[in-house]
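Close look at the chain arrangement
As a plain string of letters, each chain reads:
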Amino acid sequence: MIRITKRITLINCLLLLTQVLAFGQDYDILIKGGLVIDPKNNISSIMDVAIHEGTIVRVSPDISVNSAIKTIDASGLIVTPGLLDIHGHLFFGTQPNAYLSNSFSSLPPDGFTFRSGVTTIVDAGGSGWKNFETFKEQTIDRSKTRVLAFLNIVGSGMKGGAIEQNVTDMDPEATANKAKQHPEIIVGIKLAHYSGPSWVPTDLTLSAGNMADIPVMIDFGGSDPELSMESLLIEKLRPGDIFTHCYAQVKGRTPLVDENSKVRPYVFNAQQKGIIFDVGHGGGSFSFKQAVPATNQGFWPNSISTDLHTGSMNGGMKDLTNIMSKFLNMNMSLNEVIKSVTWSPAQYINRTDLGHLSVGAVADVSLLKLTEGNFGFIDTKGLKMKGKEKLHCELTLREGQIVWDLNGLSSPLWND
């Protein structure tokens, strides 16, 4: 009995000592020795990142490991702000024949975001003003991933087929009013899949964007005869509006690279004007025959995104780091690749609280590994590009909590 009492006393003393030591430590987590790339703050060097109570509290060389409860060795890794995917489809549900709006083709975000370093993803038009509240309650409020939204100009959302052709269900005022009710979540208005040879849907979408004072994202094409791409980019869209699927080559839409593999001159003019060109890879919207000649001529995307859904996740797209790797192998610099999935898209959706590692910012952090080797990358036409570099995500933190750890970087050895 005395022996048991002594053992309990010893355990209690050790617990008390641990609490005292923890109380005296300044940081919850210290990420040490990684290559920190934080485009907003012009940081691209070996640094340490200290986190306390879900917030970035210090970014500096050589922070003492004694100042943190947990230290993560990031040697040989790239430390970035949590990645921001500006184009996904997350309004998952069980409604039959409803495509990407509360149905089977959309995906629950937490199963597909953290493992690729994504801490924020924007649903690109799955819901309209009529069913946004269902999307919010069902997905946004129940996800660990930060889920934002482009609200579809179609009130019923992205249900496919005739529903998305229904101009009478495109109500700019109701759409703008819903966006104003949720300014912290609804970051823009989306138009997609309209196949008629009319500018009316585009104009209604822009009207909603003007009323809510937010950008629009346009998934353009499908009309017969084709509507003028030059008119869309130069005359219709405003600076800050987003043209997604920019490297697509699909029927009913003028490709940005012409039949002689030259980028059409008005494309550069539009980008200079302030139109945002988004990758939106998806299952059918990224062609190397567009992307390679375009980037060789200096036409780079402003944002890299997935267009995540069941039709893309297991195809050429795979995940955000796979697409980032494609652009690395097309000679986009590592810093620009990181910028296109962090600080740049954060600005485009007017969420400048995200996409950086400033002191006081939310501790959304991604640890990426860049591996050299012989790799193959696939586009949506089933064609392969060879590459020598590939990114993958080792660890992800969301609000200072470890939500993905591929190789146990944050865990002690079981027998230590």
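Not measured: the values here are computed from a predicted model.

**Here we look at the overall build of the protein chain**
Of regular secondary structure, the protein chain possesses ten helices and 15 strands. Relative to its length of 416 residues, the protein chain is compact, with a C-alpha radius of gyration of 23 Å against a globular reference of 22 Å. With the C-alpha coordinates of the protein chain rotated into their principal frame, the extents come out at 90 × 45 × 35 Å. Every one of the 416 residues in the protein chain was classed for burial, and the buried ones make up 56%. Of the contacts formed within the protein chain by residues at least 6 apart in sequence, a portion of 73% connects residues at least 24 apart. Surface exposure of the protein chain reaches about 17800 Å², of which carbon and sulfur atoms provide 52%. When the 36 positive and 41 negative side-chain charges of the protein chain are each reduced to one mean point, those points stand 5 Å apart.

**Examining the packing of aromatic side chains**
For the coordinates displayed, the defined rule picks out eleven aromatic pairs. Measuring from ring centre to ring centre gives 4.9 Å for phenylalanine 91 and phenylalanine 135, while their planes differ by 45°; the resulting arrangement is tilted. Of the two residues, phenylalanine 91 is situated in the loop between β6 (83-88) and β7 (118-128) and phenylalanine 135 in helix α2 (residues 132-138); the sequence distance between them amounts to 44 residues. Accessibility classification places phenylalanine 91 together with phenylalanine 135 in one group, the buried group. The interplanar angle of 65° and the centroid separation of 6.0 Å between the aromatic rings of phenylalanine 243 and phenylalanine 277 together place this pair among those described as edge-to-face. Of this pair, phenylalanine 243 sits in strand β11 (residues 242-243) while phenylalanine 277 is found in strand β12 (residues 276-277), placing the two residues 34 residues apart along the sequence. For the pair phenylalanine 243 and phenylalanine 277, one class covers both residues: buried. Here the aromatic cluster, defined as three or more aromatic residues joined through ring pairs, consists of Phe243, Tyr247, Phe268, Phe277, Phe286, Phe288, Phe299 and Phe327.

**Side note on the pattern of salt bridges**
By the definition in use, this model includes twelve salt bridges. Residues glutamate 137 and arginine 142 are paired through a salt bridge, measuring 2.5 Å at the closest nitrogen-oxygen approach. Across the pair aspartate 364 and arginine 398 runs a salt bridge, and its minimum N-O distance is 3.5 Å. A residue pair is termed long-range when its members are at least 10 positions apart, and aspartate 364 in the loop between α10 (343-348) and β13 (365-378) and arginine 398 in strand β14 (residues 384-398) qualify at 34 residues. Judged by relative accessible area, arginine 398 falls into the buried class, the value being 11%. When salt bridges that share partners are traced, they join Arg146, Asp364, Arg398 and Glu399 into one network.

**Some details on the confidence of the model for the protein chain**
Looking at the protein chain as a whole, its pLDDT mean stands at 94, while 94% of the residues score no less than 70. Predicted confidence is poor over residues 1-22, with pLDDT under 50, and the contacts of this stretch with residues over four places away or in other chains come to one contact.

**A closer look at the pairing of β6**
On a regular strand, one side chain projects to one face of the sheet and the next to the other, so that they alternate. Counting buried residues in β6 gives six out of six residues, a clear majority hidden from the surface. Where β6 and β7 come together, four bridges link them in parallel fashion. Bridge assignment links glycine 88 to a residue of β7, and that residue is aspartate 123.

**A word on the packing of helix α5 (residues 229-236) against helix α6 (residues 265-273)**
For any two helices packed against each other, the geometry is given by the interaxial angle and the distance between the axes. The geometry of α5 relative to α6 is characterised by a closest axis approach of 9 Å and an angle of 25° between their N-to-C directions. Regarding the angle of α5 to α6, the classification is roughly parallel. With respect to the hand of their crossing, α5 and α6 are arranged in left-handed fashion. Contact residues: Met229, Glu230, Leu233, Ile234 and Glu235 in α5; Tyr266, Asn269, Ala270 and Lys273 in α6. In the contact of α5 with α6, the residues fall into five nonpolar, one polar and three charged.

**A few points about the side chain of serine 303**
With respect to the helices and strands, serine 303 occurs in the loop between α7 (288-296) and α8 (320-328). A residue is classified by how much of its surface remains accessible, and serine 303, at 0% relative accessible area, is buried. Discounting chain neighbours no more than four positions away, the residues touching serine 303 are Ile86, Ile276, Phe277, Asp278, Val279, Ser340 and Tyr348.

Thresholds, definitions, all that
- All residue numbers here refer to positions counted from 1 along the written sequence of the relevant chain.
- At least 70 in pLDDT is required for a residue's local features to be given in this predicted model, at least 80 for side-chain atom pairs to be given and counted, and no such filter applies to totals for whole chains, interfaces and linings, which use all residues.
- Computation of side-chain values: all heavy atoms of the structure, hydrogens and water removed.
- To qualify as a helix, a DSSP run of H or I must reach at least 4 residues; to qualify as a strand, a run of E must reach at least 2; elements of each kind are numbered from the N terminus.
- Here the radius of gyration uses the C-alpha set of atoms, whereas the globule reference equals 2.2 Å times the residue count to the power 0.38.
- Exposed residues in this analysis have more than 50% of their type's maximum accessible area, buried residues have under 20%, and partly exposed residues fall in between, with area computed by a 1.4 Å probe over protein chains only.
- Only heavy atoms matter for contacts: two residues are in contact if any of them lie within 4.5 Å across the pair.
- Each accessible area is a Shrake-Rupley estimate made with a 1.4 Å probe; only the visible protein chains count as cover when residues are assessed.
- Charge assignment in this entry is limited to Lys and Arg as positive and Asp and Glu as negative, and neither His nor the chain termini are counted.
- Lys charges are placed at NZ, Arg charges at CZ, Asp charges at CG and Glu charges at CD.
- Here a pair means two rings of Phe, Tyr or Trp (six-membered ring of Trp) with centres within 6.5 Å. Their orientation is stacked below 30 degrees between planes, edge-to-face above 60, and tilted elsewhere.
- Whenever a carboxyl oxygen of Asp or Glu lies within 4 Å of a side-chain nitrogen of Lys or Arg, that contact is scored as a salt bridge.
- The pLDDT value tells you how sure the predictor is about a given residue, anywhere from 0 up to 100.
- Note on pairing: two strands pair once DSSP finds at least 2 bridges between them.
- Angles here are taken between N-to-C directions and fall from 0 to 180 degrees, while the axes themselves are lines fitted to C-alpha atoms, restricted in helices to the stretch in contact.
- Put simply, angles under 35 degrees are roughly parallel, angles over 145 are roughly antiparallel, angles from 65 to 115 are roughly perpendicular, and the rest are oblique.
- Crossing chirality is assigned from the near helix's rotation relative to the far helix, an anticlockwise turn below a right angle marking it left-handed and a clockwise turn marking it right-handed.
- Each residue is assigned to one class: nonpolar for Ala, Val, Leu, Ile, Met, Phe, Trp, Tyr, Cys and Pro, charged for Asp, Glu, Lys and Arg, and polar for all the others, Gly among them.

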